[in-house]
Number of protein chains: 2
Amino acid sequence: MVSSKLKLDDVMDLVVNAIESIKISGTPAELYEPIDYILSLGGKRLRPALVCLSCDMFGGDLPSSLHAAKGIEVFHNFSLVHDDIMDNAYLRRGKMTIHEKWNNNVAILSGDAMLIKAYDFVLQGNYQNLNQILTIFNRAAIEVCEGQQLDMNYETQAEVSVGEYINMIKLKTSVLLGAALKIGALIGEASDENAELVYDFGVNMGVGFQLMDDYLDAFGDPEKFGKKVGGDIISNKKTFLFIKALELDKDGVVDSWLSKEIFDEVEKVEAIKGVYINTGVDQLCIAEMNKYYDTALLKLDQITVDNSSKKALRDFSEYIRKRVR
Amino acid sequence: MVSSKLKLDDVMDLVVNAIESIKISGTPAELYEPIDYILSLGGKRLRPALVCLSCDMFGGDLPSSLHAAKGIEVFHNFSLVHDDIMDNAYLRRGKMTIHEKWNNNVAILSGDAMLIKAYDFVLQGNYQNLNQILTIFNRAAIEVCEGQQLDMNYETQAEVSVGEYINMIKLKTSVLLGAALKIGALIGEASDENAELVYDFGVNMGVGFQLMDDYLDAFGDPEKFGKKVGGDIISNKKTFLFIKALELDKDGVVDSWLSKEIFDEVEKVEAIKGVYINTGVDQLCIAEMNKYYDTALLKLDQITVDNSSKKALRDFSEYIRKRVR
């Protein structure tokens, strides 16, 4: 076991620089300009960081892991481009989405090109265990599609259980975090058991991350959250908070707002947040989130590398978790 | 060199059976049913056949090449699903397109899943030279996207040259035929020179194939062609025939039809076909096509395997070429 690994901040800097140096160019411009555009909009670069942090934890070669990290980030951005068409989203990271700035066809096709380019970046790593790496990549990729389809299905499905919801966010968000970590582990030549543990760490952290995202959508500081607060409430999105509130709200307040087609947005957000607080659903959400974060850390604990090597990933999960306050 | 290879018909049977046995299932049904639907609509399975024929020509293991063949066919069908959204097409192989039968979102997402699954099939081949195979696959895949974008651009671009048109069909159609053959060659452990020659054979055959498709769109037997004859003429598609006719038509007949927004379709098709014949553009198209087919066969001749091994691929190119009569 190798100790004295890189610090979280150092890895984040390396990753952010690597992603920002990506230049995918070519002709026709209509295909390539949108790719550069979406990649230049920033983002936290969490997924590529996980590839590198995991590889580094297992004593692997960090520069080598940057290729797969780029692949994961380009894949993630592909999924955002296509999701934004499907969700009819106008903004992404505060800027116009590709289908709004250009058109749907450009967004479909440049998204397709990004998905193909994602594999290209992985190939550039010249990995010995390429088949294994791509098998994990593909499993997560297809699960992300399944999660997106379930998310769309749940918009019109009358009843969604907490179990169904958790499964959906696991597929749509968490498995890619797990896969990023597992791919980093494989590049770092981790044992199968350790690779599985770091995957589980990522998936559990991912569920916690998404539950917090849902919580912040209602209770976050608008300044810090970076999105419109209450968006999920306005659109009746069946989040953990919403599903539990519908279950526990004896006064039928949630139900009465559900049937309204014309309403004051601020009034609705305040009313539903009131239900969330009165029924204790806000605290249930935090407890659920903590449950997943605790499981994640338990998985990290079980990985058989020395404790100091785990520091950066532990710091990472703390960094993600502390967003709530 | 190994001789006495499989016959064209035998390989075609094997390939058609392999493709028809593909079963991609899972939940949610909205993601997977469209994939099964599009793959069940048939098609000539030319691209997967090329993988296997090339592999067999070089003495490679044909069953092993079937995995990559499936990947190529699933990729091709992915591109059809997304192209059909972009082109607003109602029918594909005489049946409703996915976006018509379901909706645009289902077509985008199930297409994405097919692109991912295409890589999965290639991975199942457990190829020694996976990186090299996927690099070729990816180059063709991205070029297919470039070709589709150019095709869309040319709809509104005032002037398109013959050179631009040939480049577009090369990207949109031919490079995938070349890549299919080159991947088969790599699985069959061909030399770099032979792999390049079989790629060039495919690209040239592909251009010939597309030029014939354009010719048949105007002059084909509606019974045999399987598409509405004159579709390109009605939509003012800038094909080889159209571009050359616009150049050679001194009477301005083509120009006069271009400006009409309301017209009798049969009348327009007959008028433009008349120009094609009067200007000799129909014969120019056949000559151009033959030029590409001849180049293709020249490339096949240069491949350093014994002549009898080339029979199936030579028969294949004859089979493709004879569609014109």
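Residues numbered from 1 in each chain as written. Chains lettered and ligands numbered in written order. Predicted model: local features only at pLDDT ≥ 70, side-chain atom pairs only at ≥ 80, totals over all residues.

To continue, consider the overall build of chain A. Scanning chain A from terminus to terminus reveals 16 helices and 2 strands. The C-alpha radius of gyration of chain A comes to 20 Å, within 12% of the 20 Å expected for a compact globule of 325 residues. Projected onto its principal axes, the C-alpha coordinates of chain A cover approximately 60 × 50 × 30 Å. Buried positions account for 50% of the 325 residues belonging to chain A. Pairs at least 24 apart in sequence give 75% of the contacts found in chain A among residues at least 6 apart. (Helix = DSSP H or I, 4+ residues; strand = E, 2+ residues; numbered from the N terminus. Rg over C-alpha atoms; globule rule 2.2 N^0.38 Å. Buried ≥ 20, exposed ≤ 12 C-beta atoms within 10 Å, placed from the backbone. Contact = placed C-beta atoms within 7 Å.)

Below, the discussion takes up the relation of the copies chain A and chain B. With an RMSD of 0.0 Å, the operation that places chain A on chain B is a rotation of 180° combined with a shift of 0.0 Å along the axis. What the superposition gives is, in effect, a two-fold axis relating one chain to the other. Most of the interface of chain A is mirrored in chain B, where 97% of its interface residues again form contacts. (Least-squares fit on C-alpha atoms with pLDDT ≥ 70 in both.)

This brings us to the interface of chain A and chain B. Contact residues are listed per partner, giving 32 residues for chain A and 31 residues for chain B. Contributions of two or more residues to the side of chain A that touches chain B are made by α2 (29–39), α4 (62–86), α6 (104–124) and α7 (130–156) of chain A. For the side of chain A that touches chain B, the leading source of residues is α7 of chain A, giving 14 residues.

Further remarks concern the packing of helix α9 (residues 192–219) of chain B against helix α15 (residues 281–302) of chain B. Residues and elements named next belong to chain B. Between α9 and α15, whose axes approach to 8 Å, the crossing angle comes to 160°. It follows from the interaxial angle that α9 and α15 lie roughly antiparallel. You can see that α9 and α15 cross each other, and the crossing is left-handed. Along its contact with α9, which presents L197, D200, F201, N204, M205, V207, G208, L211, M212, D214, Y215 and F219, the element α15 presents D282, C285, I286, E288, M289, Y292, Y293, T295, A296, K299, L300 and Q302. When the residues that make up the contact of α9 with α15 are grouped by side-chain class, the tally is 15 nonpolar, 4 polar and 5 charged. (Axes fitted to C-alpha atoms, helices over the stretch in contact; angles between N-to-C directions. Parallel < 35°, antiparallel > 145°, perpendicular 65-115°, else oblique. Left-handed = near helix turned anticlockwise from the far one by under 90°. Nonpolar A, V, L, I, M, F, W, Y, C, P; charged D, E, K, R; others polar.)

Residue and element names in this part refer to chain A. Tracing the backbone through its elements, the reader meets K172 in helix α8 (residues 162–187). Looking at K172, the number of C-beta atoms within 10 Å reads 22, which means it is buried. Residues K172 and S79, 93 residues apart in the sequence, show an inter-C-alpha distance of 9.7 Å.

Scored by pLDDT, chain A has a mean of 94; 97% of the residues are at 70 or more. Model confidence for the complex is summarised by a pTM of 0.96, with the ipTM given as 0.96. (pLDDT = per-residue confidence, 0-100.)

With that out of the way, let us pick up unusual backbone geometry. Of the consecutive residues T27 of chain A and P28 of chain A, the connecting peptide bond is found in the cis state with omega at 0°. Within the fold, P28 of chain A resides in the loop between α1 (8–20) and α2. Even without being glycine, R45 of chain B reaches a positive phi, approximately 55°. Mapping R45 of chain B onto the fold places it in the loop between α2 (29–39) and α3 (46–57). We note that R93 of chain B has phi near 50°; this positive angle belongs to a residue other than glycine. Relative to the helices and strands, R93 of chain B is located in the loop between β1 (91–92) and β2 (95–96). According to the C-beta neighbour criterion, R93 of chain B is partly exposed, with 13 such atoms within 10 Å.

Residue and element names in this part refer to chain B. Position of S309 relative to the elements: it lies in the loop between α15 and α16 (311–321). By the C-beta count within 10 Å, which is 18 here, S309 ends up partly exposed. Sequence-wise, S309 and S79 are 230 residues apart; in three dimensions their C-alpha atoms are separated by 32 Å.

Right, let's get into helix α4 (residues 62–86) of chain B. Note on helix geometry: an α-helix contains 3.6 residues per turn, so any two residues three or four positions apart are oriented the same way. All names here are of chain B. Between its first and last C-alpha atoms α4 spans 36 Å; for 25 residues at 1.5 Å apiece the expected length is 36 Å, and the two agree. Extensive coverage of α4 is indicated by the burial of 21 of its 25 residues. Positive backbone phi, at 55°, marks N88, one or two positions downstream of α4. (Expected span 1.5 Å × (residues − 1).)

Let us now look at the nonpolar core. Core analysis: the biggest nonpolar cluster contains 212 residues, and C52, I133 and I183 of chain A together with C52, I133 and I183 of chain B have the highest contact counts within it. Apart from the residues lying within four places of it in its own chain, the contact partners of C52 of chain B are V11, L14, V15, L62, S65, L66, A69 and G184 of chain B. (Core = buried A, V, L, I, M, F, W, Y, C linked by C-beta atoms within 7 Å.)

Residues and elements named next belong to chain A. With respect to the secondary-structure elements, E164 resides in helix α8. Overall, E164 belongs to the partly exposed group, with 15 C-beta atoms counted inside 10 Å. Sequence separation of E164 and V203 is 39 residues, and the distance between their C-alpha atoms is 16 Å.

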